Amino acid sequence: MDYRIRNFNAGPAALPLPVLAEIQAHLLNFKGTGMSILEISHRSKPFDEVIEDAVARVKTLLNVGDDYHVLFLQGGASTQFAMVPMNLLSPGDRADYVNTGTWSTKAIQEAKLLKKDIAVVATSEDRNFCYIPADIRPTPGALYMHVTSNNTIKGTQYAAFPETGGIPLVADMSSDMFSRPIDAKRFGLIYAGAQKNLGPAGVTLVVIREDFLKRSPKDLPTMLRYTTHADKNSMYNTPPCFAIYVMDLVLAWIMEHVGGLAEMERRNREKGDLLYGYMDASGGFYKPTADVGSRSLMNVTFRLPSEDLEKKFVEEATKAGLGGLKGHRSVGGCRASLYNAVDLAAVTELVDFMKEFAKKNG
Ligand code: PMP
């Protein structure tokens, strides 16, 4: 096999090895068509089977029925920041937003740009978003509460979603989708860019409840209406066929190889416990940036005693075959992304490297 590093990138990120092998094995001839999946028509039966399979798997993993629609859209999660308020909020409607970092801030900005009536009901900006607010209270009558379930840059994650008294949640789950079981029925809409836990860049998964779908105003541009995509099973225009195909393989990997979301969560917890556990015992050499109860199991953000040491750490780790450990350029520091496809062996190797590095430089 070709040389492969331990990939801790934040996204695009590691994909499960069996998925990559499957893509490779069938790249030149997809299901006996004599064509690559990269070459076949999206109107063909073999592709139809792919998209149908992906829809069914998403619904099974979320344990939802026909009152939810599964869409594969383009434009990234960033387009959802606008599509959500555009489609859901008509004049007179209000929505709540919780601000837990860079991506929530962008979602809020887009809703405001569209002049929608939204309230920021909680924020952790006072301490540079190092925690998930504890006391989140919905505005009575709000149509939805928007949360970012995992904050990729700040390294925080909701341990439990806010109690909303029946107000549906709308969640950006870009960086922790299918990393753990959730109670999907509490959500009116979930969206996630694929390039962290679900597949390659180029497709955004949207799961929308029937009553929320019906809210799409008819006078929105065609491509920006959820109903356009729901009515045509995500094939109103040419969908990102390859990205959807890979997502389907990743979903199959979670279900059949891993054994489902409970086991996925157990593995993610095991990896997180190992890394956080080591850092907490490192005598302050490695300092996680997130508060204990808000720590992300997906993006572990941490600091070393100085920026020079952080630079050296990332450089030496890269040389040792541990890639993608630099923190986001907006916050600095270090970040190890431990998405579903990053296995315990990779995290064990990272911790071993960290021990050696601390010994030499501490
Ligand atoms: N939300 C979150 C939580 C993210 O991590 C990202 C990307 N890092 C985005 C939204 C933006 O996604 P995209 O690049 O697909 O627009």
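Description of the structure in this document.

## What to know about the site of the ligand
- The local shell around the ligand holds 13 residues, among which S78, T152, D172, Q195 and K196 are the closest.
- Interatomic distance of 3.4 Å between a side-chain N/O atom of W103 and an oxygen atom of the ligand.
- The contact in question runs from an oxygen atom of the ligand to an N or O atom on the side chain of Q195, over 3.0 Å.
- In isolation the ligand has 400 Å² of accessible area, and contact with the protein removes 85% of it.
- A total of four residues in the shell around the ligand trace back to one element, the largest contributor, which is helix α3 (residues 76-88).
- When grouped by side-chain class, the residues that make up the shell around the ligand number three nonpolar, eight polar and two charged.

## Description of the pattern of salt bridges
- Enumeration over the complete set of coordinates arrives at 22 salt bridges.
- For K214, the salt bridge is made with E210, and the minimal N-O distance between the two is 3.7 Å.
- For K214, a relative accessible area of 63% gives the class exposed.
- According to the relative accessible area criterion, E210 is partly exposed, its value standing at 27%.
- Each of the salt bridges in this network shares a partner with another, and the network as a whole consists of D53, R57, D248 and E256.

Reading guide: rules and limits
- Residues numbered from 1 in each chain as written.
- Predicted model: local features only at pLDDT ≥ 70, side-chain atom pairs only at ≥ 80, totals over all residues.
- Heavy atoms only, no water.
- Near = heavy atom within 4 Å.
- Polar contact = N/O pair within 3.5 Å; in protein donor to acceptor, adjacent residues only side chain to side chain.
- Areas by Shrake-Rupley, 256 points an atom, 1.4 Å probe, with all protein chains shown as cover.
- Helix = DSSP H or I, 4+ residues; strand = E, 2+ residues; numbered from the N terminus.
- Nonpolar A, V, L, I, M, F, W, Y, C, P; charged D, E, K, R; others polar.
- Salt bridge = Lys/Arg side-chain N within 4 Å of Asp/Glu carboxyl O.
- Buried < 20%, exposed > 50% of the residue type's maximum accessible area, 1.4 Å probe, protein only.

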